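Structural characterization, general
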Amino acid sequence: MNNILQKLGQVPSIPVFYHDDSNRCIQIIQAVYDGGIRLFEFVNRGDKALENFKILIEYKNKYLPELTLGIGTIKTADEARSFLDAGAEFLVSPIVSESIAQVAKERNVLWIPGCMTPTEIALAEQLNAPLVKLFPGDTLGPSFLKAIKPLFRHTLFMPTGGVNVEESNIKAWFDAGVYAVGLGSKLFEEPIGATDLKWLTERCEKLVAWARNKQ
């Protein structure tokens, strides 16, 4: 768990992605890796989530030795167990759940719960979650984190949901005190006329540079 947190501190950004097509998933994860990203959150948001996750784990183990691959949108303990059995290295949830926290404790893996209120953050603290996902990030905004961070001095924060791949937005979040940023659809918006994924690799390179500079 601590090793993953340290790794995230070095490259403080986590892409969040799902697609039904396993080949597309492989292409995306390779392009992101080539851009310097070292943690990746595949999400449990489709019928082929577990099947494709297993394919990604196999690909990662063979070709991407430095990548840490976790699973997001975990809402039940059973889901957590299924993906951990498939090789997930960390868990991310849109909610705070005591049963998921217990599974993470039993398996000794990092669990990142999603929180929107101080009460939820306090509960996540009680469940020993060292890193909290502020979700949805674009609804809460950096000013929310600035207001509540002094109340939770020992908790690390990561906004996800609506975080823009723009230097000013990344700067605003790090100035507010985040440990890392999570990026979903904004990161994967394909430019008009793109014929390959070079744009994604280059976008990730910029993201990594911005995040490191603003820590």
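Residues numbered from 1 in each chain as written. Predicted model: local features only at pLDDT ≥ 70, side-chain atom pairs only at ≥ 80, totals over all residues. Heavy atoms only, no water.

Structural notes on helix H7 (residues 137-148)
Relative to the 16 Å expected for twelve residues at 1.5 Å per residue, H7 spans just 14 Å between its end C-alpha atoms, considerably shorter than the ideal helical length. Among the residues making up H7, those that are buried are Gly137, Leu140, Gly141, Phe144, Leu145 and Ile148. In this structure, the buried residues of H7 make contact with strand S6 (114-115), helix H6 (118-126), strand S7 (131-134), strand S8 (156-159) and helix H8 (167-176). (Helix = DSSP H or I, 4+ residues; strand = E, 2+ residues; numbered from the N terminus. Expected span 1.5 Å × (residues − 1). Buried < 20%, exposed > 50% of the residue type's maximum accessible area, 1.4 Å probe, protein only. Contact = heavy atoms within 4.5 Å.)

Structural notes on the pairing of strand S2 (residues 39-43)
In terms of burial, S2 is a largely internal element, five of the five residues being buried. Residues Leu39, Glu41 and Val43 line one face of S2 and the alternating positions Phe40 and Phe42 line the opposite face, and both faces are buried. Pairing analysis gives two bridges linking strand S1 (residues 13-17) to S2, with the strands arranged parallel. Bridging from a neighbouring strand, phenylalanine 17 pairs with phenylalanine 42 of S2. Taking the sense of rotation as the criterion, the β-α-β connection linking S1, helix H2 (residues 22-34) and S2 turns out right-handed. Across five bridges, S2 lies against strand S3 (residues 68-72) in parallel orientation. Residue pairing in the sheet places leucine 39 in a bridge with threonine 68 of S3. Taking the sense of rotation as the criterion, the β-α-β connection linking S2, helix H3 (residues 49-63) and S3 turns out right-handed. (Pairing = 2+ DSSP bridges. Right-handed = clockwise from strand over helix to strand, strands pointing away.)

Some details on the nonpolar core
Phe53, Leu91, Trp111, Leu134, Val181 and Leu200 are the most contacted members of the largest nonpolar core, which totals 71 residues. Aside from chain neighbours lying at most four places away, what touches phenylalanine 53 is Phe42, Leu69, Gly70, Ile71, Phe83, Ala86, Gly87 and Ala88. Listed in part, the twelve residues of the second largest apolar core include Ile4, Val92, Leu131 and Ala180. (Core = buried A, V, L, I, M, F, W, Y, C linked by side-chain atoms within 4.5 Å.)

Examining the packing of H7 against H8
It is the contact of H7 with H8, at a shortest axis distance of 8 Å, that shows an interaxial angle of 45°. Judged by the angle between their axes, H7 and H8 are oblique. Classified by chirality, the crossing of H8 by H7 is left-handed. In contact with Gly137, Gly141, Pro142, Leu145 and Lys146 of H7, H8 contributes Ala172, Trp173, Asp175 and Ala176. In terms of residue class, the contact of H7 with H8 is built from five nonpolar, two polar and two charged. (Axes fitted to C-alpha atoms, helices over the stretch in contact; angles between N-to-C directions. Parallel < 35°, antiparallel > 145°, perpendicular 65-115°, else oblique. Left-handed = near helix turned anticlockwise from the far one by under 90°. Nonpolar A, V, L, I, M, F, W, Y, C, P; charged D, E, K, R; others polar.)

Examining the pattern of salt bridges
Across all of its chains, the model carries seven salt bridges by this definition. Taking the shortest distance from any N to any O, the salt bridge between lysine 60 and glutamate 89 comes out at 3.3 Å. On the criterion of sequence distance, the pair formed by lysine 60 in helix H3 and glutamate 89 in the loop between helix H4 (77-85) and strand S4 (90-92) is long-range, its members being 29 residues apart. The class for glutamate 89 is partly exposed, based on a relative accessible area of 27%. (Salt bridge = Lys/Arg side-chain N within 4 Å of Asp/Glu carboxyl O.)

Structural notes on the side chain of serine 13
Position of serine 13 relative to the elements: it lies in strand S1. Residue class for serine 13 comes out buried when judged on its relative accessible area of 1%. The residues contacting serine 13, other than those within four sequence positions of it, are Leu8, Ile37, Leu39, Ala180, Val181, Leu183, Leu207 and Val208.

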